[in-house]
Amino acid sequence: MEIRKVGIIGAGQMGTGIAHVCAVAGYDVLLNDVSEDVLKNALATINGNMARLVRKGKLDEETRKSALERIRPVADLSAMAECDIVIESATEDEDIKRAIFAELCPHLPPATLIGTNTSSLSITRLAAATDRPEKFMGVHFMNPAPLMELVELIRGIATDDSTFETFKAFVTSLGKTIAVAEDFPAFIVNRILLPMINEAIYTLYEGVGTVEAIDTAMKLGAHHPMGPLELADFIGLDTCLSVMQVLYEGLADSKYRPCPLLVKYVEAGWLGRKTKRGFYDYRGEKPVPTR
Ligand SMILES: NC(=O)c1ccc[n+]([C@@H]2O[C@H](COP(=O)([O-])OP(=O)(O)OC[C@H]3O[C@@H](n4cnc5c(N)ncnc54)[C@H](O)[C@@H]3O)[C@@H](O)[C@H]2O)c1
């Protein structure tokens, strides 16, 4: 199946990154979110990110221009009827994703494939909320999508071989490397990464170390490019919490219990970089720890 046009639903940090990657690879992109304002900001973000890559010599100016022209913001899901593939990358909330699929599916031609960028939710369950479980699978990009090399591919119980092969060829054409994961809560990367981040938050909660001590310890002591708390802010604390909840409930093991401090930050609306406050405060010139 030939892919020319890609629809992306959700224009947050991941949706903008996936749109960027697809447009640079030469695909036409339709980008949807809840309002014109969000879409306007999303396009400005993509423009800014591409301009930064041009300044760093990682993207040429011609490609930036043509890629930007290939991204069309659409306020209505009916526009997705033109797409060969639609990738859902909205908020990590099963009810939101289900409502999107219910609205989306009636507009799509029967051959259109649907992927979800969920970090943790069951692909089989999400597939069952569509009218085409055999044409549905998990396509899990890493953050930031334009820079990270990996995409996890996850089949649901009903995903057919041609859907898998088409997604595999599509993701490869984006210049990404694939890791195939089974449909278990949080797949591979987040099954390993998020409990580590949650443990770092427990370490802070129990007073074992300060925010700075914990991040410095893991950067210099384990050679992680980012400390776990800095990384949590980067991922988004709401996303971190929902992945931990999915692990906790999905695997029924108390070792995945989300740290109460993570819950508190999310309840406060301190979601990390995207709201300018999380384990660090990003409102000033330099990030300052909030504890
Ligand atoms: N943040 C990460 O590091 C990361 C990495 C890989 C995958 N993911 C996954 O990607 C998805 C998006 O995460 P994100 O970090 O971009 O979150 P985000 O909060 O930055 O963006 C989510 C976007 O979805 C939009 N949205 C909500 N309801 C919608 C609807 N009904 N229709 C259209 N758009 C809607 C929101 O307005 C928002 O712009 C989630 O499933 C998340 O688990 C996140």
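Fair warning: this is a prediction, and the values are worked out from it, not measured in the lab.

Criteria and cut-off values
Along each chain, residues carry numbers from 1 onward, in the same order as the chain's sequence is written. A pLDDT threshold of at least 70 governs which residues receive local features in this predicted model, and a stricter bar of 80 or more applies before side-chain atom pairs are shown or counted, although totals over entire chains, interfaces and linings include all residues. Computation of side-chain values: all heavy atoms of the structure, hydrogens and water removed. Strands are runs of DSSP state E lasting at least two residues, helices are runs of H or I lasting at least four, and both sets are numbered from the N terminus onward. All radius of gyration figures rest on C-alpha atoms, and the globule criterion is 2.2 Å times the number of residues raised to 0.38. Here, Shrake-Rupley sampling with a 1.4 Å probe gives the accessible areas, and only protein chains in the shown set may cover a residue. The charge count treats Lys and Arg as positive and Asp and Glu as negative. His and the chain ends do not count. Taken as the charge centre is NZ of Lys, CZ of Arg, CG of Asp or CD of Glu, depending on the residue. In what follows, a contact means two residues having at least one pair of non-hydrogen atoms within 4.5 Å. The criterion for a residue being near a molecule or strand is simple. One of its heavy atoms has to lie within 4 Å of it. Any pair of nitrogen or oxygen atoms within 3.5 Å is treated as a polar contact; in protein, a donor-acceptor pairing is required on top of that, and neighbouring residues in sequence qualify only through side-chain atoms on both sides. Residues are grouped as follows: nonpolar covers Ala, Val, Leu, Ile, Met, Phe, Trp, Tyr, Cys and Pro; charged covers Asp, Glu, Lys and Arg; every other residue, Gly included, is treated as polar. What a helix is expected to span follows from its residue count: subtract one and scale by 1.5 Å. Burial here depends on accessible area, computed with a 1.4 Å probe over protein chains only, as a share of the maximum for the residue type. Under 20% is buried, over 50% is exposed, and the range in between is partly exposed. Delimitation of the domains relies on an automatic or database domain assignment. When two components associate, each loses some accessible surface as probed by a 1.4 Å sphere; the sum of these losses over both components is called the buried area. What counts as a salt bridge is simple: a side-chain nitrogen of Lys or Arg found within 4 Å of a carboxyl oxygen of Asp or Glu.

Trainee: Even after reading the chapter, I still don't get the overall build of the protein, so can you show me in this structure?
Mentor: Helices and strands together make up the secondary structure of the protein, namely 11 helices and 10 strands. The C-alpha atoms of the protein give a radius of gyration of 19 Å, which matches the 19 Å a tight globule of 291 residues would have. Summarising its shape, the C-alpha atoms of the protein cover approximately 55 × 45 × 30 Å along the three principal directions. Within the structure as shown, the protein displays about 13600 Å² of accessible surface, and the carbon and sulfur contribution to it stands at 53%. Measuring between centres, the 31 positive side-chain charges of the protein sit 5 Å from its 39 negative side-chain charges.

Trainee: Just checking my understanding: could you explain the side chain of S119 for this structure?
Mentor: Locating S119 in the fold gives a position in the loop between β5 (113-116) and α5 (123-128). Those residues within four positions of S119 in sequence are excluded, and the remaining contacts are E92, H140, A186, F187, N190, T239 and V243.

Trainee: Looking at this structure, I do not really get the site of the ligand. What am I missing?
Mentor: Residues in close proximity to the ligand total 26 residues, the closest being M14, D33, E92, K97 and S119. At 2.8 Å, a side-chain N or O of K97 approaches an oxygen atom of the ligand. Burial of the ligand by the surrounding chains reaches 85%, relative to a free accessible area of 840 Å². Of all the elements in the fold, those that place two or more residues in the shell around the ligand are α1 (13-24), α4 (94-104) and β6 (136-141). Per-element tally for the shell around the ligand: the top contributor is α4, with three residues. Its residues assigned to classes, the shell around the ligand comprises 10 nonpolar, 12 polar and four charged.

Trainee: What is the right way to look at helix α7 (residues 189-205) in this model?
Mentor: It helps to recall that an α-helix has 3.6 residues per turn; residues three or four apart then point in one direction. Taking 1.5 Å of rise per residue, the 17 residues of α7 would be expected to cover 24 Å, and the 24 Å separating its terminal C-alpha atoms lies within 8% of that figure. Along α7, the positions that sit buried rather than exposed are N190, L194, I197, N198, A200, I201, Y202 and L204. Buried-residue contacts for α7 involve β6, α8 (211-221), α9 (228-235), α10 (237-251) and α11 (260-267). Among the residues trailing α7, G207 stands out with phi positive, at a value near 75°.

Trainee: Mind showing me how you'd approach the domain arrangement of the protein here?
Mentor: How big an interface is tends to be stated in terms of accessible area lost as the parts join. Taken domain by domain, the protein holds domain 1 (5-181) and domain 2 (189-289). Relative placement of domain 1 and domain 2: their C-alpha centres are 26 Å apart. Contact residues are listed per partner, giving 11 residues for domain 1 and 10 residues for domain 2. Summed over both partners, the interface of domain 1 with domain 2 buries about 800 Å², with 57% contributed by carbon and sulfur atoms. Linking domain 1 with domain 2 are zero salt bridges, by the criterion used here. Here the side of domain 1 that touches domain 2 is composed, by residue class, of four nonpolar, five polar and two charged.

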